Protein chains: 2
Amino acid sequence: MPGWSMDDDRSDTVVTPSAEFPPLDPAEVDTLRRVGAQWRTGVPRALPVDPTLGRYRSRPAPGRFSRLTPIALFRPEQDDRPEQDDRPEQDDRPERDDRGGRDGLVAAEPANRPDSGLGRRLGRVRRAVLGPPLASAAVLHERMRKLVALPVLSSDLLSSVAYGPEALLTVLVLAGSGALGLTLPLSAGLVLLMVAVGISYRQTIPAYPHGAGSYLVAGDNLGVGAGLTAAAGLMLDYVLTVSVSIAAGMHAVTSALPGLTPFTVPLGVLVILLLLAGNLRGVRTAGNIFVLPTYAFVAAVLGLLVVGYLRAAGRGFAPVAPPVVPATEGLGLLLVLRAFASGAVSMTGIEAVSNAVPAFRPTEWRNARTTLSWMVAMLVVLFAGLTLLIHLTGLVPRPGETLLSQLARVTFPTGPWYAVVQATTALILLLAANTAFNDFPRLLFFMARAGHAPRRFLHLGDRLAFGNGLVALAGTATVVFVAFGGHTEKLIPLYAVGVFLAFTLSQSGMVVHWRRHRGVGWRRRVLVNGVGAVLSGLVLLTAAVAKFTEGAWVVVIAVPLLVLLFHRVHRHYRALHAALALRPPPGGRQPGVRPSRVAAGPPAVSPPAVPPPAVPAPGAGSVEWEEVPQELRHLVVVPVVRLNRASMRALAYAVSLGRPTLAVHLAPEEAEADRFREQWRAWGDHVRLETIVSPYRAVIGPLAHYLAALHAAAPELVLTVVVPEVVLRRPWHRLLHSRTGHRLRRALRALPGVVVTSIPVHVVE
Amino acid sequence: MPGWSMDDDRSDTVVTPSAEFPPLDPAEVDTLRRVGAQWRTGVPRALPVDPTLGRYRSRPAPGRFSRLTPIALFRPEQDDRPEQDDRPEQDDRPERDDRGGRDGLVAAEPANRPDSGLGRRLGRVRRAVLGPPLASAAVLHERMRKLVALPVLSSDLLSSVAYGPEALLTVLVLAGSGALGLTLPLSAGLVLLMVAVGISYRQTIPAYPHGAGSYLVAGDNLGVGAGLTAAAGLMLDYVLTVSVSIAAGMHAVTSALPGLTPFTVPLGVLVILLLLAGNLRGVRTAGNIFVLPTYAFVAAVLGLLVVGYLRAAGRGFAPVAPPVVPATEGLGLLLVLRAFASGAVSMTGIEAVSNAVPAFRPTEWRNARTTLSWMVAMLVVLFAGLTLLIHLTGLVPRPGETLLSQLARVTFPTGPWYAVVQATTALILLLAANTAFNDFPRLLFFMARAGHAPRRFLHLGDRLAFGNGLVALAGTATVVFVAFGGHTEKLIPLYAVGVFLAFTLSQSGMVVHWRRHRGVGWRRRVLVNGVGAVLSGLVLLTAAVAKFTEGAWVVVIAVPLLVLLFHRVHRHYRALHAALALRPPPGGRQPGVRPSRVAAGPPAVSPPAVPPPAVPAPGAGSVEWEEVPQELRHLVVVPVVRLNRASMRALAYAVSLGRPTLAVHLAPEEAEADRFREQWRAWGDHVRLETIVSPYRAVIGPLAHYLAALHAAAPELVLTVVVPEVVLRRPWHRLLHSRTGHRLRRALRALPGVVVTSIPVHVVE
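Residues numbered from 1 in each chain as written. Chains lettered and ligands numbered in written order. Predicted model: local features only at pLDDT ≥ 70, side-chain atom pairs only at ≥ 80, totals over all residues. Heavy atoms only, no water.

1. Describing the overall build of chain A
Alright, step 1. A count of helices and strands for chain A gives 22 helices and 6 strands.
Alright, step 2. Relative to its 765 residues, chain A shows a buried fraction of 58%.
Alright, step 3. For chain A, the share of sequence-separated contacts (at least 6 apart) that also reach a separation of at least 24 residues comes to 80%. (Helix = DSSP H or I, 4+ residues; strand = E, 2+ residues; numbered from the N terminus. Buried < 20%, exposed > 50% of the residue type's maximum accessible area, 1.4 Å probe, protein only. Contact = heavy atoms within 4.5 Å.)

This is the structure in structure tokens:
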């Protein structure tokens, strides 16, 4: 399936710091070799300074402008690198130590420090918040025991029971308290769905032992489009996991402390920002953090259930009649379907284990599968137990207090138990939100590695966190949270669609997988995953249709738009990759045979009368010149506004390159041009000068067009435009300058074959 | 008075298009000559392309990326320029035609066109609104007859009577209708003030025949600070002239058409934008536009006065009792002073003639003085006539209708005359606002020429308008207008302070001027200007103190802040000028005597073991290298991320310069660095490679610090960093790239001696 991924290591679901530097494939290396054989340099290998800085023992003196922190930045290695011979494979490298090979330098931590005053201050704040940088070698490949993996991976799933049953009842009660009788059959349906999807995922795990994310499974079996659709669904899912979990967590808090209700939105945003900071700091999915709150939540809810059922047993399991709620809508099929789809959000997070298979101890898939079974079992117990108990206790959703809080209050009228239930609920919801902070950037990483998302999501920050992905998630989730005022029940309609989209695609992908591989018992497996796919698909359809007007339309529109965006991104990267790929030299030339017309030494200044015969025309493809140095012919152009130190420096630099040089002066009127030519002669007329009168006083346009005309007149030339650029120390001083150099560079970017060289001129004050 | 102006042509109050290119003074030319004598180039003068494009008859072919409009951009001149000999003064140039000298090229109009698609479309809109560009030669030096000058220069002054009397009464009536009796004595005082200031200005005109703006007169006689203070006052005055005139004009319109009242603010902003567009288009102070409305206004008000006084005569000049208005404030001295200061806004614009002396026909100062006398006489007639008539008619200010409108309605109950008065009033107020659009950018131009305002205000746009100044004025005036809701009476307290500040400083300056020059009758002149200064100063003080809390505090704070800003700007430009000034070479070297150690040809690649002896240490002053090419020694550094076409092109360019070249690769981990070194060897290891492992995955920081360390190790080297820069066609694609080249350039700007060369790599799609 070409086009699905740009690199071959797709099945490798391990995050690597060098993903930003994908290796060349053998064909590319071969092209590289053939291109290299064409090169004639003639430049001596001896450099005027030792590049290994081996003799560089003292601290680098900070220049007046560099304001470098005076610290040793580089650890020079033990011995100088010998001149390379041409053996291409030189792999017998002895005992390299971990901190850098024999050949290279290693940048010490301070080398990353910004060197402006403000930048340094911000850097210190950053360090205080995020901690010191972590080296690439510290990438964690933690392996989890099942008892640790269970809480780590289940917080998202189990926390869903804090809002799932309530979501179901909230819809049902719209048809009046009479409709609440449907709670139990609907819940039974949901439990069935949970078991079916759970079994379905159990089958997926051994088939994809390197990780069975929906993006991967769907893409692998159903094609790029399906994979990207699943990814879009998952991305929305992660954003909503954060928003919904924080909203539900805040609701758990305000149920216990109603005084905080007016501060729901600011407090929720604060929590998102804290989660962001924590994740930027790289608080890893270290088991310990998760173990206690998750087990505490399970214990608290189980305690609640035991006490509640004991009380119910005391009255012979006779259901308490719920308060009479008037119907605001008729009890139609649509309402029932909406209720079912709302309740289905209890299943969000069920896919966590299949994503994380490689994080288990060996045998990974077996341990993962067992953990999944436990998780689903716990989910069923908690969900069914809570729903039934709520029914028996005769509770209905009401604004201001969650159902779970009502249940806890009724069950534990006195003592600290109520507070424990609420606190553990809020805590596990926080952890559930944190799960999204782990998974969203990873998904973006894999997508970026396949070229479907911006490359910047490949970058591991100095704390080994995917900073860009984290910020993107936190930003989007904050917008959603604020836009919905932090109301859980308003967010629920959006939630189910993305999740079940991913479930459906993943299960359908597995059906295709089994049909393709036809291993032992493949028919049974097709059946199991087929049932999972059909059920998930039905819920997806239900959610999308029944809750369309309540907010699901946002997701229905967003998913195709996102997929389109991913496609566009991929197309761009593919085109760029193709455009930048090295092309083998034409077959006629034998590698190693030097073309006769090429001079041996450094390219001499050729007289203009003899153009090289084989130079390609510009505009043919995107070649501006051949990629071999001996064919380049130069013309250096120096725009000069005024004869001062800045322009003298630019002229001196240009002339010192030893290539034909032309100075260009732009004047607003002829009188000024005359004056300038006189000054030029006074200076000694060392460089050929051309003046251009710009009667409309524009500077950039005429200069750019003049250079374009020069280029058109001699397309084989490389025009190097040398521009002095005054470096100002204070940002506000920039307002006092027209930044001609900057604007010129921008204007010249569009011209092929025009190279811009900036000569910095530093000015005190 | 050194420091007052940076150039000597301060007394030249003519706007020149080449003010952005100030000439070198003789000392600077001499230094230039001595610097030039040190230069050894060795570069052949023959260029590989004809820079005059003389053989370039066909249209330049647009490259695939340049998207140039395929038009002939340059008019090549008749004959090629002969090689210059060394005669420095070669002034016997024969009959140069107006469109460009024999030596240069002239950029045709299309050369200024932007070359991006959006830019071209915006350019077309711009052309449609503003008209075709105007050549520098079209700068207008119009001379005005007195009868034309009078309306041109008096619209600002005479329009003030539309709101001046009302401003006076609005304050007085706060003390109840009883206080209105003070109107006549206060008006008498104002008339006296007008006459005194008028006479005072009459004296200024002959003393400053090149233009006697307050900025100039105060700066010339009282020092820089006073000049800048006057300038700050004037600038605020101009902004308020626009705001107040538009507000009063809108009030005149809504008085006649009350239905428009809710749209005051948007309509006012629209008018300001139209004025801006008109002035950007370069609607000059062509007399004809002004003549009719001004004379029509004067005629309409005179008609109003005649009819009004006839009616008053009919009732024996018995004043009609004004309606009883209850007092809201006590009648104290402060209130009276406030009323007086408010009425004094009638005098705004009296300085217009003295600014414009050179625009009169000869003898300029005499004609200007006569015109001033006429203007003041007309002002006195209109102001006194209106105030008295309002008093006789028993009118009081009331919200929703201007006093002038009330007066016109009472005087002309029927017929079209009321409409004529209102229409001419609105029109002259519009012209008054336009006056500020003429004067504000001119003031900024002169300030910028002396280095007290940003240089960009020197730039004459392609319609010969000071676009930056116009936009600055329109923007500020819009903010003020909107902030005050378009209410004239709320703007008045701010208005008087700036005006009278400028008056006071200008008159005081004249006192000093006469005392210094001691011509015939200097004592009398000192007395006259002294009286003017004292009276203006009293009004200034009154306005600042009495209306402080009503808004004058804004001006009282803004003026010193502006002056401080002007000083800072000036200091920056002076420092920059000094830093960029050429310094003569040390006396030891005789010009023309070649230092023995310098090679003759293009600088050879020197071995690193022999550093040149006389290289200055970096950080000593702001010299990065001597400004002579033969002393420059190069090291070219190419950061390489991945071996593709982009990096090949950068490497080829670097090597083709024929200077020692070093490639640097940054890797996030050692494994990647090893992989890269293998590829490098496969390519042929043509260039010395250094790898740096960046264990914290930062790219820019370590690279910048490595270069800084290289620079510290060999400060005499010029490091040229060659960076490939992928040019993307669609702006949104930039989001998909980390723009390393851009960030690297920014980081390297701070390093002395590091030159950055951008190699554009164009990519289709």
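The discussion continues.
2. What to know about the nonpolar core
All names here are of chain B.
Alright, step 1. Counting 146 residues, the largest nonpolar core has Leu153, Ile246, Phe437, Met447 and Phe500 as its most contacted members.
Alright, step 2. Broken down by element, this core gets its largest block of residues, 18 residues, from helix α7 (residues 224-256).
Alright, step 3. Excluding residues within four positions of it along the chain, Phe437 makes contact with Val242, Ile272, Leu275, Leu276, Asn279, Leu470, Leu473 and Ala474. (Core = buried A, V, L, I, M, F, W, Y, C linked by side-chain atoms within 4.5 Å.)

3. Section: unusual backbone geometry
All names here are of chain A.
Alright, step 1. Cis geometry marks the peptide bond from Pro362 to Thr363; its omega dihedral reads -10°.
Alright, step 2. One can find Thr363 in the loop between α11 (352-355) and α12 (364-393).
Alright, step 3. The backbone of Asp685 sits at a positive phi, close to 55°, despite the residue not being glycine.
Alright, step 4. Within the secondary structure, Asp685 sits in the loop between α20 (670-683) and β4 (688-693).
Alright, step 5. Owing to a relative accessible area of 5%, Asp685 belongs among the buried residues under this scheme.

4. Digging into a positive patch on the surface
Alright, step 1. A cluster of basic residues, Arg456, Arg734 and Arg739 of chain A together with Arg743 and Arg746 of chain B, forms a positive patch on the protein surface.
Alright, step 2. Tracing the sequence through the fold places Arg743 of chain B in helix α22 (residues 740-748).
Alright, step 3. Given a relative accessible area of 40%, Arg743 of chain B falls into the partly exposed group. (Patch = residues over 30% accessible without salt bridge, like charges linked within 9 Å, V, L, I, M, F, W, Y side chains within 5 Å. Areas by Shrake-Rupley, 256 points an atom, 1.4 Å probe, with all protein chains shown as cover. Salt bridge = Lys/Arg side-chain N within 4 Å of Asp/Glu carboxyl O. Lys, Arg positive; Asp, Glu negative; His and termini not counted. Charge placed at Lys NZ, Arg CZ, Asp CG, Glu CD.)

5. Describing the pattern of salt bridges
Alright, step 1. All chains considered together, the criterion is met by 18 salt bridges over all chains.
Alright, step 2. For Arg749 of chain B, the salt bridge is made with Glu725 of chain A, and the minimal N-O distance between the two is 3.5 Å. With Arg749 of chain B in the loop between α22 and β6 (754-762) and Glu725 of chain A in strand β5 (residues 717-727), the pair connects residues from two separate chains.
Alright, step 3. One salt bridge connects Glu725 of chain B with Arg745 of chain B, and the closest N-O pair in it is separated by 2.7 Å. Of this pair, Glu725 of chain B sits in strand β5 (residues 717-727) while Arg745 of chain B is found in helix α22, placing the two residues 20 residues apart along the sequence. Both residues of the pair, Glu725 of chain B and Arg745 of chain B, belong to the buried class.
Alright, step 4. Shared partners join several salt bridges into a network, and the residues in it are Glu329, Arg338 and Glu550 of chain A.

6. Considerations on the environment of Ala179 of chain B
Residues and elements named next belong to chain B.
Alright, step 1. Here Ala179 shows up in the loop between α4 (164-172) and α5 (183-207).
Alright, step 2. Between the C-alpha atom of Ala179 and that of Val325, which follows or precedes it by 146 residues, the distance is 10.0 Å.
Alright, step 3. Ignoring anything within four residues of it in the chain, the contact list for Ala179 reads Leu172 and Leu331.

7. Examining the confidence of the model for chain A
Close inspection of predicted coordinates is inappropriate for parts of the model with low pLDDT.
Residues and elements named next belong to chain A.
Alright, step 1. Confidence in the prediction for chain A averages 80 pLDDT; 82% of positions are at 70 or higher.
Alright, step 2. Looking over chain A, one finds the lowest element-wise mean pLDDT in strand β1 (residues 105-106), namely 70, and the highest in helix α15 (residues 467-483), namely 94.
Alright, step 3. Counting interchain partners and residues more than four positions distant, the pLDDT-below-50 stretch residues 1-11 has 30 contacts.
Alright, step 4. Low pLDDT, under 50, characterises residues 588-625; the predicted model gives this stretch 62 contacts beyond four residues in sequence or across chains. (pLDDT = per-residue confidence, 0-100.)

8. Let's talk about the packing of aromatic side chains
The geometry of two aromatic rings is summed up by the distance between their centres and the angle between their planes.
Alright, step 1. The tally for this structure, following the rule as stated, stands at 20 aromatic pairs over all chains.
Alright, step 2. For the pair Phe412 of chain B and Trp417 of chain B, a centre-to-centre distance of 6.4 Å together with 45° between the ring planes defines the contact as tilted.
Alright, step 3. Among the residues examined, Trp417 of chain B registers a relative accessible area of 51% and is labelled exposed.
Alright, step 4. The lysine or arginine in question, Arg455 of chain A, covers the ring of Tyr573 of chain A, its NZ or CZ lying 4.5 Å from the ring centre. (Phe/Tyr/Trp six-rings, centres within 6.5 Å; stacked < 30°, edge-to-face > 60°. Lys NZ or Arg CZ within 6 Å of the ring centre and 35° of its normal.)

9. What to know about the side chain of Ser758 of chain B
Alright, step 1. Tracing the backbone through its elements, the reader meets Ser758 of chain B in strand β6.
Alright, step 2. The class of Ser758 of chain B is buried, set by a relative accessible area of 7%.
Alright, step 3. A polar contact is formed between the side chain of Ser758 of chain B and the side chain of Glu725 of chain B, at a distance of 3.1 Å.
Alright, step 4. For Ser758 of chain B, the contacting residues outside a window of four places in its chain are Arg745, Val755 and Val756 of chain A together with Val723, Glu725 and Arg745 of chain B. (Polar contact = N/O pair within 3.5 Å; in protein donor to acceptor, adjacent residues only side chain to side chain.)

10. Overview of the pairing of β5 of chain B
Residues and elements named next belong to chain B.
Alright, step 1. Burial of β5 is extensive: 9 of the 11 residues sit out of reach of the surface.
Alright, step 2. Pairing between strand β2 (residues 633-639) and β5: 5 bridges, direction parallel. Within β5, the position partnered with His634 by the bridge is Val718.
Alright, step 3. In the sheet, β5 pairs with β6 via 9 bridges, with the strands oriented parallel. Note on β6: the bridge partner recorded for Val727 is His762. (Pairing = 2+ DSSP bridges.)

11. Some remarks on helix α6 (residues 214-222) of chain A
Alright, step 1. Burial runs high along α6 of chain A: 7 of the 9 residues are buried.
Alright, step 2. Next to the buried residues of α6 of chain A lie α5 (183-207), α7 (224-256), α11, α14 (417-449) and α16 (488-517) of chain A.

12. Considering the packing of α7 of chain A against α15 of chain A
Residues and elements named next belong to chain A.
Alright, step 1. For the pair α7 and α15, the least separation of the axes is 9 Å and the interaxial angle reads 55°. As summarised for this structure, α7 and α15 are arranged oblique, according to the angle between their axes. Remark: the crossing between α7 and α15 carries right-handed chirality. When α7 is examined against α15, the residues Tyr238, Val239, Leu240, Val242, Ser243, Ile246 and Ala247 are found in contact with a partner set consisting of Leu473, Thr476, Ala477, Val480 and Phe481.
Alright, step 2. Its residues assigned to classes, the contact of α7 with α15 shows 10 nonpolar, 2 polar and no charged. (Axes fitted to C-alpha atoms, helices over the stretch in contact; angles between N-to-C directions. Parallel < 35°, antiparallel > 145°, perpendicular 65-115°, else oblique. Left-handed = near helix turned anticlockwise from the far one by under 90°. Nonpolar A, V, L, I, M, F, W, Y, C, P; charged D, E, K, R; others polar.)

13. Digging into the domain arrangement of chain A
Alright, step 1. Segmentation of chain A into domains returns domain 1 (136-573) and domain 2 (629-763).
Alright, step 2. Taken over C-alpha atoms, the centre of domain 1 of chain A sits 61 Å from the centre of domain 2 of chain A. (Domains from an automatic or database assignment.)

14. Considering the pairing of β2 of chain B
In the case of a regular strand, side chains alternate between the two sheet surfaces.
Residues and elements named next belong to chain B.
Alright, step 1. For β2, a buried count of 7 out of 7 residues is recorded, marking the element as mostly surrounded by other parts of the structure.
Alright, step 2. Residues Arg633, Leu635, Val637 and Pro639 point to one face of β2 and His634, Val636 and Val638 to the other, with burial holding for every one of them.
Alright, step 3. In this sheet, strand β3 (residues 661-667) lies alongside β2 in parallel orientation, the contact comprising 4 bridges. Across the sheet, Val638 pairs through a bridge with Ala663, a residue of β3.
Alright, step 4. Between β2 and its parallel partner β3, the chain crosses via helix α19 (residues 645-656), and the hand of that crossover is right-handed. (Right-handed = clockwise from strand over helix to strand, strands pointing away.)

15. Description of a nonpolar patch on the surface
Residue and element names in this part refer to chain A.
Alright, step 1. Together, Phe548, Trp553, Val554, Val556, Ile557, Leu561 and Leu564 give the surface a local cluster of nonpolar side chains, amounting to about 610 Å² of exposed area.
Alright, step 2. Take Val554: it is sitting in helix α18 (residues 548-580).
Alright, step 3. A relative accessible area of 32% means that Val554 is categorised as partly exposed.

16. Quick look at the environment of Leu180 of chain A
Residues and elements named next belong to chain A.
Alright, step 1. Tracing the sequence through the fold places Leu180 in the loop between α4 (164-172) and α5.
Alright, step 2. We classify Leu180 as buried; its relative accessible area is 5%.
Alright, step 3. Considered as a pair, Leu180 and Val471 are 291 residues apart in the sequence and their alpha carbons are 42 Å apart.
Alright, step 4. Those residues within four positions of Leu180 in sequence are excluded, and the remaining contacts are Leu169, Leu172, Val173, Pro322, His391 and Val396.

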